[in-house]
Amino acid sequence: MTEASDRNVLFVVMDTVRKDHLTPYGYEKPTTPTLERFAEEATVYEQAVAPAPWTLPVHASMFTGLYPSEHGASQEQPYLDDSVGTLAEALRADGYDTACYSSNAWITPYTRLTAGFDEQDNFFEVMPGEFLSGTLADAWQRVNDNDRLRAVANKLVELGNDVHEYFAGGEGADSKTPEVVDNAIEFTDESDGWFTFINLMDAHLPVYPPEEYREEFAPGVDPDEVCQNSKEYNAGARDIDDQEFDAIRGLYDAEIRHIDAELDRLFDHLKATGQWEDTLVVVAADHGELHGEHGLYGHEFGIYDPLVNVPLLVKAPGSEPGRSDQQVELADLYHTVLDFAGVDAVGEPLDRTRSLLSSSYRDFAEGEYAFVEYHRPVVELKQLETKAAAAGIELDEDSRYYSRMRAARRPDAKYIRNERVADEAYRLDRDPGETENLAGADDDEVIATVEAKLREFEARVGETWDDDYDPDADVLDDMDETTQERLRDLGYIE
């Protein structure tokens, strides 16, 4: 193993945080004074685009430099295949100390998003017994490779969502974020040449912010009195009026303020210990959140801009701060970190035209375009169906809830290909709220050009939409006894 560079890397993901709720992006409420100060020494990207609207495929893209159709991690195959090399594996091979701290249910050894990280404190640390045993970790991939066993995988992820809800609400309300930051501080102090990744989950539903921030941003709001389950609203089982959405947004802002306060503590420590100047600091959201726009709540069943046009701020030693209107993709962060650290890739080769630090950034044929993919949301769909059935509602299978989606985007326009509903197209330059669907308009050359570029992307990734598997099939007959025993330990089967 070679000796690591002293050029450290801090990679921060603020899970579920909308760009337009952050002070550096013009938000009128003081949600992020730390990031506002950070913006003075960073590049603030106005047009950063996530490759998907939820955690697993976005993190997989940031860690591999690949689009979701290329790396394969989705709810239809909820893990990153062993054959795909990751950013952390590359840095570790070059001698970096690597750590991942997160309370997100998708960032675990099961999904292989933690591959290459020597130190981990992830969501499943809260689970009892031998939950992280090699046997069950292997079983996770075997289960998901079998069409009939995927229902079991769905239940495992639902467990993750339930436990997150427990720790976010009630007496567990003080999230894992302070602990995540504590771990990051301890790790950086003990390491020479480090790559530290943290995912902060506070803004993800359910939102139960600490009291001091709740009183500032949502005075008088009881988190237990607002809708904390997006599927109830999306299924039509519960209505949310404007006043309640205002209350939800207040709680959301309070959670963002909590994230910002913890980042202040981490940043101050790095400065006080002399580590700040030589450290590449990336702060991004993996996706945003909808609060009633387009009739949706949460971050499923759509790929509209509040979900995929995300905040991104990057401080690179030796680079001048400023603001950039150039469209960038979160997958480019993989190449950016490799470029900064000067290490060899173990997966997708470094492409300096995709490094934010390169003078030739985005200097390739599709450089002005970003691409977004949304595979079928298996877990969310099952939860949605459950909420709908309990309310006596029958969902239309030819609706956006059952539809895969893809989009090509550039700052002035976006074209969305929907699997089961009509395509959508928007001129973002004059309709940033995506309210006027121009799909099929023959007189808009910009829309036609973006749609043509989407067709080229679809041909290149070469993936088809496949409906062969039945998630409701009986799964137990195909499971070996060891896997059944582990699932009995978890209470899924008797």
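Residues numbered from 1 in each chain as written. Predicted model: local features only at pLDDT ≥ 70, side-chain atom pairs only at ≥ 80, totals over all residues. Heavy atoms only, no water.

Caption draft 1: Structural view of the overall build of the protein. Regarding its fold elements, the protein presents 15 helices and 14 strands. The buried share of the protein, reckoned over its 494 residues, is 62%. Pairs at least 24 apart in sequence give 70% of the contacts found in the protein among residues at least 6 apart. With the model as given, the accessible surface of the protein reaches about 19,000 Å², and the carbon-plus-sulfur share is 42%. (Helix = DSSP H or I, 4+ residues; strand = E, 2+ residues; numbered from the N terminus. Buried < 20%, exposed > 50% of the residue type's maximum accessible area, 1.4 Å probe, protein only. Contact = heavy atoms within 4.5 Å. Areas by Shrake-Rupley, 256 points an atom, 1.4 Å probe, with all protein chains shown as cover.)

Caption draft 2: Region of the structure containing the sheet that holds strand 2 (residues 43-49). Within the open sheet, the eight strands sit side by side as 4-3-5-1-6-9-2-10. Their pairing is mixed. Whereas interior strands pair on both sides, the edge strands pair on one side only; in this sheet they are strand 4 (119-121) and strand 10 (322-329). Neighbour-to-neighbour, the strand axes of the sheet open up by a mean angle of 15°, direction not taken into account. Across six bridges, strand 1 (residues 8-14) lies against strand 6 (residues 279-284) in parallel orientation. In the sheet register, N8 faces strand 6, and the bridge partner there is T279. (Pairing = 2+ DSSP bridges. Axes fitted to C-alpha atoms, helices over the stretch in contact; angles between N-to-C directions.)

Caption draft 3: A look at the packing of aromatic side chains. Scanning the entire structure with this criterion turns up 18 aromatic pairs. Ring plane angle 90° and centroid distance 5.5 Å describe the contact between F245 and Y297, whose orientation is recorded as edge-to-face. Residue F245 is found in helix 10 (residues 242-272), and its partner Y297 is found in strand 8 (residues 297-298); the two are separated by 52 residues along the sequence. Across the pair, exposure class does not vary: F245 and Y297 are buried alike. Grouping aromatic residues by their ring pairs yields a cluster made of F11, F63, F117, F195 and F197. Just above the ring of W276 sits the side chain of K315; from NZ or CZ to the centre is 5.0 Å. Over the aromatic face of Y25 sits the side chain of R323, whose NZ or CZ is 5.9 Å from the ring centroid. (Phe/Tyr/Trp six-rings, centres within 6.5 Å; stacked < 30°, edge-to-face > 60°. Lys NZ or Arg CZ within 6 Å of the ring centre and 35° of its normal.)

Caption draft 4: Representation of the pattern of salt bridges in the model. As enumerated under the stated definition, the model contains 43 salt bridges in all. The partner of E456 in a salt bridge is K453, and the shortest N-O contact between them spans 3.2 Å. In this pair, E456 and K453 both sit in helix 14 (residues 445-461), three residues apart, roughly one turn of the helix. Each of E373, R406, R417, D423, E451, R455 and E458 takes part in one network of salt bridges that share partners. (Salt bridge = Lys/Arg side-chain N within 4 Å of Asp/Glu carboxyl O.)

Caption draft 5: Structural view of the sheet that holds strand 12 (residues 405-410). One open sheet accounts for four strands, arranged 11-12-13-14; its pairing is antiparallel. In this open sheet, the two strands that pair with only one neighbour each are strand 11 (370-374) and strand 14 (424-426). Each neighbouring strand pair of the sheet contributes to a mean axis angle of 10°, computed without reference to strand direction. Relative to strand 14, strand 13 (residues 413-418) runs antiparallel, the two being bridged by three bridges. Directly across from K414, in strand 14, lies its bridge partner Y426.

Caption draft 6: How the structure looks around helix 14. Counted at 1.5 Å a residue, the expected span for helix 14 with its 17 residues is 24 Å, and the 25 Å between its end C-alpha atoms agrees. The set of residues buried in helix 14 consists of V446, I447, V450, E451, K453, L454, F457, E458 and V461. Looking down the long axis of helix 14, one finds its buried residues gathered within 160° of arc, a one-sided arrangement. Residues of helix 14 that are exposed and point over 90 degrees away from its buried face: E445 and A459. Against the buried residues of helix 14 lie helix 3 (68-71), strand 11, strand 12, strand 13 and strand 14. Where helix 14 begins, the side chain of D444 points an oxygen toward the backbone nitrogen of V446, at a separation of 3.1 Å. One or two steps after helix 14, the chain reaches G462, where phi turns positive at roughly 65°. (Expected span 1.5 Å × (residues − 1). Arc of directions from axis to C-beta. Polar contact = N/O pair within 3.5 Å; in protein donor to acceptor, adjacent residues only side chain to side chain.)

Caption draft 7: Structural view of the side chain of D423. Secondary-structure assignment places D423 in the loop between strand 13 and strand 14. At a separation of 3.3 Å, a polar atom in the side chain of D423 contacts the side chain of R417. A distance of 3.0 Å separates a polar side-chain atom of D423 from the backbone nitrogen of N418. Sequence-distant contacts of D423, that is, excluding residues within four places in its chain, are made with Y415, I416, R417, N418, N437 and A439.

Caption draft 8: Expanded view of the confidence of the model for the protein. For the protein, the mean per-residue pLDDT works out to 86, and 82% of the residues sit at or above 70. With pLDDT under 50 throughout, residues 469-480 is counted as low confidence; its partners more than four residues away or in other chains account for 23 contacts. A low-confidence stretch, residues 486-494 (pLDDT under 50), is modelled with 20 contacts involving residues beyond four sequence positions or located in other chains. (pLDDT = per-residue confidence, 0-100.)

Caption draft 9: Seen up close, the packing of helix 7 (residues 177-190) against helix 10. Between helix 7 and helix 10, whose axes approach to 10 Å, the crossing angle comes to 15°. Considering their axes alone, helix 7 and helix 10 lie roughly parallel with respect to each other. The way helix 7 lies across helix 10 gives a crossing that is right-handed. Contacts between helix 7 and helix 10 involve T177, P178, V181, D182, A184, I185, T188 and D189 from the former and H258, E262, R265, L266, H269 and L270 from the latter. (Parallel < 35°, antiparallel > 145°, perpendicular 65-115°, else oblique. Left-handed = near helix turned anticlockwise from the far one by under 90°.)

Caption draft 10: A look at the environment of S175. Structurally, S175 can be placed in the loop between helix 6 (150-168) and helix 7. Along the backbone, S175 and V207 are 32 residues apart, and their C-alpha atoms lie at a distance of 9.9 Å.

Caption draft 11: Quick look at the pairing of strand 11. Most of strand 11 is tucked away, with five of its five residues classed as buried. The two faces of strand 11 match: A370, V372 and Y374 on one face and F371 and E373 on the other face are all buried. The pairing of strand 11 with strand 12 spans five bridges and is classified as antiparallel. Bridge pairing in strand 12 links F371 to A408.

Caption draft 12: Structural context of helix 12 (residues 332-341). Helix 12 sits mainly inside the fold: 10 of its 10 residues count as buried. For helix 12, the full list of buried residues reads D332, L333, Y334, H335, T336, V337, L338, D339, F340 and A341. Just downstream of helix 12 lies G342, where phi reads positive at about 70°.

Caption draft 13: Spatial organisation of a negative patch on the surface. Together, E119, E186, D189 and E190 make up a negatively charged patch on the protein surface. No other element matches the three residues that helix 7 contributes to the negative patch. For E119, the position within the fold is in strand 4. Relative accessible area serves as the criterion here: at 41%, E119 is assigned to the partly exposed category. (Patch = residues over 30% accessible without salt bridge, like charges linked within 9 Å, V, L, I, M, F, W, Y side chains within 5 Å. Lys, Arg positive; Asp, Glu negative; His and termini not counted. Charge placed at Lys NZ, Arg CZ, Asp CG, Glu CD.)

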